[in-house]
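Descriptive analysis of the structure
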Amino acid sequence: MRFIVLSILLILLCAHPSNINGCGGGTPAFIINQLARQELIVEATVLEVDDRGYSAILQVSQYFKGQAGEYLAIMRFPPALETVASVRDYDTGCLYSGYGQEWQQGTTGYFALESNGNGTYSDIGSHFIPQNDSVEFHTYHVRTDTKPQSHIFQRDEFEALLLSF
């Protein structure tokens with residue numbers, strides 16, 4: 001009996017439960033109606049991307065709303081967050097998971113940005129990447145829609161829409 005109890009105790013002490021990831025859920029569709037609240041709307045090419053895909057350097061080819069320089073630094077999360085997480089060995093997986101689209105180096109598209117107040121900008125998943133010269137986006141009207149409605153416009157039609165914000 002003593003052997004059985006000690007064996008069970010030893011198994012319990014040696015067992016290492018795996019982490020349970022309770023975050024995620026994916027990125028919700030960015031609703032184009034939200035563009036009115038953004039400071040900048042640009043057409044740009046992604047020149048560089050960090051390892052996580054959440055910070056980037058953009059080269060702007062056209063402004064549809066607002067004005068800034070030719071190059072924009074995108075920092076979705078404060079750099080101190082990654083430094084502290086690395087030094088203290090914190091897991092930031094839940095924080096980063098499901099928050100916006102990852103930046104892809106070499107991609108050219110339309111992006112809506114907000115100032116971080118320090119010369120950098122943040123995006124909130126507002127990436128519109130043309131596919132075969134057309135752009136897909138979503139709208140949502142509280143009074144009439146039960147879910148976001150998907151639309152596909154040709155690039156020139158989409159650019160005219162961006163100028164309306």
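Residues numbered from 1 in each chain as written. Predicted model: local features only at pLDDT ≥ 70, side-chain atom pairs only at ≥ 80, totals over all residues. Heavy atoms only, no water.

**Some words on the overall build of the chain**
- Counting secondary structure elements, the chain contains four helices and eight strands.
- In the chain, buried positions account for 31% of the 165 residues.
- The contacts of the chain with a sequence gap of at least 6 include a subset with a gap of at least 24, amounting to 55%.
- Total accessible area on the chain is roughly 10,700 Å²; 54% of this is exposed by carbon and sulfur atoms. (Helix = DSSP H or I, 4+ residues; strand = E, 2+ residues; numbered from the N terminus. Buried < 20%, exposed > 50% of the residue type's maximum accessible area, 1.4 Å probe, protein only. Contact = heavy atoms within 4.5 Å. Areas by Shrake-Rupley, 256 points an atom, 1.4 Å probe, with all protein chains shown as cover.)

**Let's talk about the nonpolar core**
- Counting residues in hydrophobic clusters, the biggest one holds 14 residues, and the most contacted among them are Val42, Leu58, Leu72, Ile74, Phe111 and Leu113.
- Put simply, the parts of the chain that give this core at least two residues each are strand E1 (40–49), strand E2 (55–65), strand E3 (71–75) and strand E4 (108–115).
- Apart from the residues within four sequence positions on either side, Val42 is in contact with Val60, Gln62, Tyr63, Phe64, Leu72, Gly109, Tyr110, Phe111 and Leu113.
- Counting eleven residues, the second-largest nonpolar core is a separate cluster that includes Ile41, Phe64, Phe137 and Leu162. (Core = buried A, V, L, I, M, F, W, Y, C linked by side-chain atoms within 4.5 Å.)

**Quick look at the pairing of E3**
- Residues of E3 alternate between two faces, with Leu72 and Ile74 buried on one and Tyr71, Ala73 and Met75 left unburied on the opposite face.
- Here E2 pairs with E3 via five bridges, running antiparallel. The partner of Gln59 across the bridge, within E3, is Tyr71.
- As consecutive antiparallel partners, E2 and E3 are separated by five residues, and within that stretch Gly66 has a phi angle of approximately 75 degrees, a positive value. (Pairing = 2+ DSSP bridges.)

**Points about the packing of aromatic side chains**
- Enumeration over the complete set of coordinates arrives at six aromatic pairs.
- Arranged with centres 5.3 Å apart and planes meeting at 55 degrees, the rings of Phe128 and Phe158 form a pair that is tilted. Residue Phe128 is found in strand E6 (residues 127–128), and its partner Phe158 is found in helix H4 (residues 155–163); the two are separated by 30 residues along the sequence. For the residue pair Phe128 and Phe158, the accessibility class agrees, reading buried in each case.
- Summarising the aromatic geometry, the rings of Phe137 and Phe158 are spaced 5.6 Å apart at their centres and angled 45 degrees between planes, so their arrangement reads as tilted. Placement of the pair is Phe137 in strand E7 (residues 134–139) and Phe158 in helix H4, with a sequence separation of 21 residues.
- Owing to a relative accessible area of 0%, Phe158 belongs among the buried residues under this scheme. (Phe/Tyr/Trp six-rings, centres within 6.5 Å; stacked < 30°, edge-to-face > 60°.)

**What about the pattern of salt bridges?**
- Scanning the model with the defined rule gives two salt bridges in all.
- Taking the shortest distance from any N to any O, the salt bridge between Arg155 and Glu43 comes out at 2.7 Å. Of this pair, Arg155 sits in helix H4 while Glu43 sits in strand E1, and the two are 112 residues apart along the sequence.
- A relative accessible area of 11% places Glu43 in the buried class. (Salt bridge = Lys/Arg side-chain N within 4 Å of Asp/Glu carboxyl O.)

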